[in-house]
Amino acid sequence: MSADRISAQLAFLTEADRLKSIDRATTLCDASRRENSAEHSWHIALYALTMAEHASRPVNVGRVIQMLLLHDLVEIDAGDAPIHGSPDPDLQAVKEQAAADRIFGLLPADQRDAFRAIWEEFEAAETDDAIFAKSIDRVQPVIANLETGGGTWPEYNVTPEQLETRVGVKVKRGAPAIWQALKARIDHWFAENTG
């Protein structure tokens, strides 16, 4: 039984390595290339560890980090759906559910169920931990875009109103002080770079 369990866990971890091959729309802060989804997951886990004190309600940072490490694994099958792109959200949700079935299904049953529950909690964004995790997931790409002179915002024709509705609403829900700090930088960038 132990050898079977280890084999299943290693199969899951080997499959998770494929997340390193999923490119995202966001570039690295040095603008040298687009980040991959594994890098994004690591970086937002570090964001959560560093910025948990700014959560609108107390959170269990360990659980938040678990969510952030697991949340994008479905992109191995479903791909990244840029927030400023135009994917069909219903189709993306179906793809992500199927991906979660397959990828978490590689694990032993107890871990499969536990990891899937954490992923589902993140997706639902109803608990304090998940609300904060969703907020932090939205913060990191904004920083990358600000650090790279707008990054991919011009490519996607992003407006301040789109940032407010697609990003700001979620960040404010879980970390309003962080959004307030970002908003000043965002406003400045748009004032300097748009007509």
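Refer to the structure above for everything that follows.
Residues numbered from 1 in each chain as written. Predicted model: local features only at pLDDT ≥ 70, side-chain atom pairs only at ≥ 80, totals over all residues. Heavy atoms only, no water.

Caption draft 1: Examining the packing of aromatic side chains more closely. Using the criterion set out here, one finds six aromatic pairs in the structure. Between F12 and F115, the ring centres sit 5.8 Å apart and the planes meet at 65 degrees, which makes this aromatic pair edge-to-face. Here F12 is found in helix α1 (residues 2-16), whereas its partner F115 is found in helix α6 (residues 109-124), with 103 residues between them in sequence. What makes F12 buried here is its relative accessible area of 5%. Judged by relative accessible area, which is 22%, F115 ranks as partly exposed. Look at F104 and W119: their rings are 6.4 Å apart centre to centre, the planes differ by 55 degrees, and that puts the pair in the tilted class. Of this pair, F104 sits in helix α5 (residues 89-104) while W119 sits in helix α6; the two residues are 15 residues apart in sequence, bridging distant segments of the chain. Side by side, F104 and W119 carry an identical accessibility label, which is buried. (Phe/Tyr/Trp six-rings, centres within 6.5 Å; stacked < 30°, edge-to-face > 60°. Helix = DSSP H or I, 4+ residues; strand = E, 2+ residues; numbered from the N terminus. Buried < 20%, exposed > 50% of the residue type's maximum accessible area, 1.4 Å probe, protein only.)

Caption draft 2: The packing of helix α7 (residues 128-147) against helix α8 (residues 160-174), seen in detail. Their axes nearest at 8 Å, the elements α7 and α8 cross at an angle of 135 degrees. In terms of axis orientation, α7 runs oblique to α8. In terms of crossing hand, the pair formed by α7 and α8 is left-handed. Along the contact surface, α7 presents I131, F132, S135, R138, V139 and V142, while α8 presents R166, V167, K170, V171, R173 and G174. Of the residues contributing to the contact of α7 with α8, the split by class is six nonpolar, two polar and four charged. (Axes fitted to C-alpha atoms, helices over the stretch in contact; angles between N-to-C directions. Parallel < 35°, antiparallel > 145°, perpendicular 65-115°, else oblique. Left-handed = near helix turned anticlockwise from the far one by under 90°. Contact = heavy atoms within 4.5 Å. Nonpolar A, V, L, I, M, F, W, Y, C, P; charged D, E, K, R; others polar.)

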